[in-house]
Structure formats: C-alpha cells, structure tokens
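As a plain string of letters, each chain reads:
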Amino acid sequence: MSEPFDRSIPGYTELTDWPKPPLYPEKITEICLYRNGAVVVVIHGGLSFNFEPSLGRLCYGESHRDENAAFIKKDSPFEAQLYAYLEAARKKLSHEEFSVSDIKLFNNCFSKAKVYSSV
C-alpha cells in the first residue's frame, strides 16, 4: 500500500486511501463526544474518524488537531468507500450498544459531513 497521506499543502493533510484495511462486517465500535464539540467514531478494526467541530467535515484521527489527522480527500475513491462503509455501519447501530442520543449525534454529524463530500 502506498503512502495514503497527501501533505502537499502544509497544515492541510488529506487522506487518499485507507491507512490500513477496514474490517468487515461494517461496524461502529465507539461514538464519543469531546468537550470541544468534536465527535469521534471508531470503526471495527480500530480506525478513528472525527467530525471536525467548526464545519463538521469528516477527518481521519481521534482529533482534527492530532499530528496524523487528515481531511478525507474529496472526490477520491477512498471518500466513496469510507462513506459507504459508515452508511452500512450506521444502519446497524443498535440501542443495545449505543444510547439513543449517541445514535442521533452520529446521524446528525454524518448528514452534516456529507455537505462537504462528493457522495
């Protein structure tokens, strides 16, 4: 696998491919709300993504400020794959694993993030 990070614009890293392959079946294992308003989603296999708190754009990493954080490259095949993965995982969220407020929070963030995507 080639380097998935595009660092050509300083301070604006973009992710163009999975850092490591995701695990299937599609599953969200954690939904966390941080004090700064960021929402973090961890998928099956330990990959973390966050919804940046100002605009709500989907980013890789536990925080949009992490050293390895990156925006998801718009119009990339990876963007389409990631959103498809999250959509499939979203449909499987259960009230046994997550609270109603966590599911609603994720759904709201996911819908808002789509505004900045090409999916």
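All figures in this text were calculated on a predicted structure; none of them were measured in a lab.

Visitor: Could you clarify how one ought to interpret the overall build of the protein in this entry?
Guide: A tally of helices and strands in the protein yields two helices and seven strands. Taken over 119 residues, the protein has a buried fraction of 42%. Total accessible area computed for the protein in this model is approximately 6,700 Å², and 52% of it derives from carbon and sulfur atoms. Both charge centroids of the protein, one from 14 positive and one from 16 negative side chains, sit 5 Å from each other.

Visitor: Can you help me understand the sheet that holds strand β4 (residues 39-43) in this one?
Guide: Within a sheet, neighbouring strands are paired by backbone hydrogen bonds and run either parallel or antiparallel to one another. Within the open sheet, the seven strands sit side by side as β1-β2-β7-β6-β5-β4-β3. Their pairing is mixed. Edge positions in the sheet fall to β1 (5-6) and β3 (28-33), since each has one partner strand and no second. Across three bridges, the pairing between strand β5 (residues 47-51) and strand β6 (residues 58-60) is antiparallel. Bridging from a neighbouring strand, Phe 51 pairs with Leu 58 of β6.

Visitor: Any chance you could explain the packing of aromatic side chains here in plain terms?
Guide: Note on aromatic pairs: each is described by the distance of the centres and the angle between the planes. Taken as a whole and assessed by the stated rule, the structure comprises 10 aromatic pairs. A ring pair is formed by Phe 51 and Phe 106, whose centres lie 6.0 Å apart and whose planes are at 65°; its orientation type is edge-to-face. Within this pair, whereas Phe 51 is found in strand β5, its partner Phe 106 is found in helix α2 (residues 100-114), the two being separated by 55 residues in sequence. Judged by relative accessible area, Phe 51 falls into the buried class, the value being 3%. Judged by its relative accessible area of 0%, Phe 106 is buried. Here the aromatic cluster, defined as three or more aromatic residues joined through ring pairs, consists of Phe 5, Trp 18, Tyr 24, Phe 49, Tyr 60, Phe 78 and Tyr 85.

Visitor: Help me out: how do you make sense of a nonpolar patch on the surface in this one?
Guide: A cluster of nonpolar side chains, Leu 55, Val 115 and Tyr 116, forms an exposed patch at the surface whose accessible area comes to about 280 Å². Looking at the secondary structure, you find Tyr 116 in the segment after α2. Classification of Tyr 116 as partly exposed rests on a relative accessible area of 31%.

Visitor: What am I meant to see in α2 here?
Guide: Residues that lie three or four places apart on an α-helix share one face, since the helix turns once every 3.6 residues. Relative to the 21 Å expected for 15 residues at 1.5 Å per residue, α2 spans 21 Å between its end C-alpha atoms, a close match to the ideal helical length. Among all positions in α2, only Ile 103, Phe 106, Cys 109, Phe 110 and Ala 113 are buried. Down the axis of α2, the buried set is contained in an arc of 135°. They therefore lie on one face. Along α2, the residues that are exposed and aim more than 90 degrees away from the buried face are Val 100, Ser 101 and Lys 104.

Visitor: What is the right way to look at the environment of Phe 98 in this model?
Guide: Within the secondary structure layout, Phe 98 lies in the loop between α1 (77-91) and α2. For Phe 98, a relative accessible area of 9% translates into the label buried. Between the alpha carbons of Phe 98 and Glu 30 there is a distance of 8.4 Å; along the sequence they are 68 residues apart. Ignoring anything within four residues of it in the chain, the contact list for Phe 98 reads Ile 28, Thr 29, Glu 30, Ile 31, Leu 93 and Ile 103.

Criteria and cut-off values
Residues numbered from 1 in each chain as written. Predicted model: local features only at pLDDT ≥ 70, side-chain atom pairs only at ≥ 80, totals over all residues. Heavy atoms only, no water. Helix = DSSP H or I, 4+ residues; strand = E, 2+ residues; numbered from the N terminus. Buried < 20%, exposed > 50% of the residue type's maximum accessible area, 1.4 Å probe, protein only. Areas by Shrake-Rupley, 256 points an atom, 1.4 Å probe, with all protein chains shown as cover. Lys, Arg positive; Asp, Glu negative; His and termini not counted. Charge placed at Lys NZ, Arg CZ, Asp CG, Glu CD. Pairing = 2+ DSSP bridges. Phe/Tyr/Trp six-rings, centres within 6.5 Å; stacked < 30°, edge-to-face > 60°. Patch = residues over 30% accessible without salt bridge, like charges linked within 9 Å, V, L, I, M, F, W, Y side chains within 5 Å. Salt bridge = Lys/Arg side-chain N within 4 Å of Asp/Glu carboxyl O. Expected span 1.5 Å × (residues − 1). Arc of directions from axis to C-beta. Contact = heavy atoms within 4.5 Å.

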